[in-house]
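# Examination of the molecular architecture
Chain by chain, the residues run as shown.
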Amino acid sequence: MFLLYEYDIFWAFLIISSVIPILAFFISGVLAPISKGPEKLSSYESGIEPMGDAWLQFRIRYYMFALVFVVFDVETVFLYPWAMSFDVLGVSVFIEALIFVLILIVGSVYAWRKGALEWS
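Residues numbered from 1 in each chain as written. Predicted model: local features only at pLDDT ≥ 70, side-chain atom pairs only at ≥ 80, totals over all residues. Heavy atoms only, no water.

## Brief notes about the overall build of the protein
Looking only at helices and strands, the protein has five helices and zero strands in total. Counted from the first residue to the last, the protein has its helices and strands arranged as α-α-α-α-α. Burial status across the protein gives 6% buried among its 120 residues. Counting only contacts in the protein whose residues sit at least 6 apart along the sequence, the fraction spanning at least 24 positions is 57%. Entry remark: accessible area of the protein is about 11300 Å², with carbon and sulfur atoms responsible for 73%. (Helix = DSSP H or I, 4+ residues; strand = E, 2+ residues; numbered from the N terminus. Buried < 20%, exposed > 50% of the residue type's maximum accessible area, 1.4 Å probe, protein only. Contact = heavy atoms within 4.5 Å. Areas by Shrake-Rupley, 256 points an atom, 1.4 Å probe, with all protein chains shown as cover.)

## Thoughts on the packing of aromatic side chains
Considering all chains together, one arrives at three aromatic pairs under this definition. When the centroid spacing of 6.1 Å and the interplanar angle of 80 degrees are considered together, the rings of Phe 78 and Phe 100 count as edge-to-face. Separated by 22 residues along the polypeptide, Phe 78 in helix H3 (residues 60–84) and Phe 100 in helix H5 (residues 91–114) bring together distant segments of the chain. (Phe/Tyr/Trp six-rings, centres within 6.5 Å; stacked < 30°, edge-to-face > 60°.)

## Considering the UniProt feature "transmembrane region" in the protein
Residues annotated in UniProt with the feature "transmembrane region" correspond here to residues 9–29, 64–84 and 88–108. The annotated region residues 9–29 carries 100% helix and 0% strand content, and the separation between its end C-alpha atoms amounts to 30 Å. Here residues 88–108 is 95% helix and 0% strand, with 30 Å between the C-alpha atoms at its ends. (UniProt positions renumbered as here; feature names shortened; annotations may be inferred.)

## Some details on the confidence of the model for the protein
Per-residue pLDDT for the protein averages 81, and the proportion of residues at 70 or more is 88%. At the level of individual helices and strands, the protein shows its lowest average pLDDT in helix H2 (residues 38–41), which scores 73, and its highest in helix H1 (residues 8–31), which scores 93. (pLDDT = per-residue confidence, 0-100.)

## Concerning a nonpolar patch on the surface
On the surface, Tyr 7, Phe 10, Trp 11, Leu 14, Ile 15, Val 19, Leu 23, Phe 26, Ile 27, Val 30 and Leu 31 cluster together to form a nonpolar patch covering roughly 1100 Å² of accessible area. With respect to the helices, strands and loops of the structure, Leu 14 is situated in helix H1. (Patch = residues over 30% accessible without salt bridge, like charges linked within 9 Å, V, L, I, M, F, W, Y side chains within 5 Å. Salt bridge = Lys/Arg side-chain N within 4 Å of Asp/Glu carboxyl O.)

## Some words on the packing of H3 against H5
Two elements in contact, H3 and H5, have axes separated by 12 Å at closest approach and are oriented at 170 degrees. As judged from the angle between their axes, H3 and H5 are roughly antiparallel. On H5, the residues touching Val 71, Phe 72, Glu 75, Phe 78, Leu 79 and Trp 82 of H3 are Val 93, Phe 94, Ala 97, Phe 100, Val 101, Leu 104 and Ser 108. (Axes fitted to C-alpha atoms, helices over the stretch in contact; angles between N-to-C directions. Parallel < 35°, antiparallel > 145°, perpendicular 65-115°, else oblique.)

Right, dumping it as structure tokens:
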């Protein structure tokens, strides 16, 4: 039988973890001084007056490197628990992990061929 009182700690944690940030924003909004002026509304750039346009275009290569890094970082996060319990899981899980790694290798070869990993 499904009993809801088994989840009381979960609901209490969920409510408390939702209320604390809301209270923090509310209290900071009430206590913060409100002073808008030209100095407050100007851009801040290491203590000196900003020069040039505020909108700089970054090259797409930076984003591609970040995306490839995130993919392989998440791969290690998924493979670490599998490696820790490799002896218990069996052959079917080994084959699934092998397919997962092969898909990532195909993706990295595709990114390499498209030139996403070239830093020039």
